[in-house]
Amino acid sequence: MSEERTVRLWPRPGLVFTADHAPGKRLRRCLPFLRGTECGTIIEEFLAFGAFIEKKIAARRRKRRHRHAAMLGTYAMTAWEIEAEMLVTGTLEVLNDESPVGLFFGDDGQGNFGWWVADGIAAPRRDADQRR
């Protein structure tokens, strides 16, 4: 029996996603940095569930072209997007906690999220609080 190895990207300074990206795309952009972790597994399953909902919505719309099917799909995707936004918030915290020394994960002040050099941008960072 062979184990499948997961490849996990290690952070480098730079952009991962912007505030304009939808929650699902934000999660997909963060996933390579969390592969092989419990958080990564949760995100993969959550994204698969979102794809399942979208597939079912498309099938219902093809089969039944009336308002009821569209409303059910809208409710399901709205609930998924709300949960996705909350999952993004938690993911940002995890990525920041796992940041290499000298980097932090967060907003650069212009709506760009990624790893940034802690000295280059004034942002809350756990290491900076510990130095005081």
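Residues numbered from 1 in each chain as written. Predicted model: local features only at pLDDT ≥ 70, side-chain atom pairs only at ≥ 80, totals over all residues. Heavy atoms only, no water.

S.K.: Residues and numbers for the packing of aromatic side chains, please.
M.R.: Using the criterion set out here, one finds six aromatic pairs in the structure. Between Phe17 and Phe113, the ring centres sit 5.0 Å apart and the planes meet at 15 degrees, which makes this aromatic pair stacked. Here the residue Phe17 occupies a position in strand β1 (residues 14-18), and Phe113 occupies one in strand β3 (residues 112-117), the gap between them amounting to 96 residues. Accessibility classification places Phe17 together with Phe113 in one group, the buried group. Plain terms: the ring middles of Phe33 and Trp115 are 4.7 Å apart, the flat faces sit at 65 degrees to each other, and that makes the pair edge-to-face. On the criterion of sequence distance, the pair formed by Phe33 in the loop between α1 (23-30) and α2 (38-63) and Trp115 in strand β3 is long-range, its members being 82 residues apart. Side by side, Phe33 and Trp115 carry an identical accessibility label, which is buried. (Phe/Tyr/Trp six-rings, centres within 6.5 Å; stacked < 30°, edge-to-face > 60°. Helix = DSSP H or I, 4+ residues; strand = E, 2+ residues; numbered from the N terminus. Buried < 20%, exposed > 50% of the residue type's maximum accessible area, 1.4 Å probe, protein only.)

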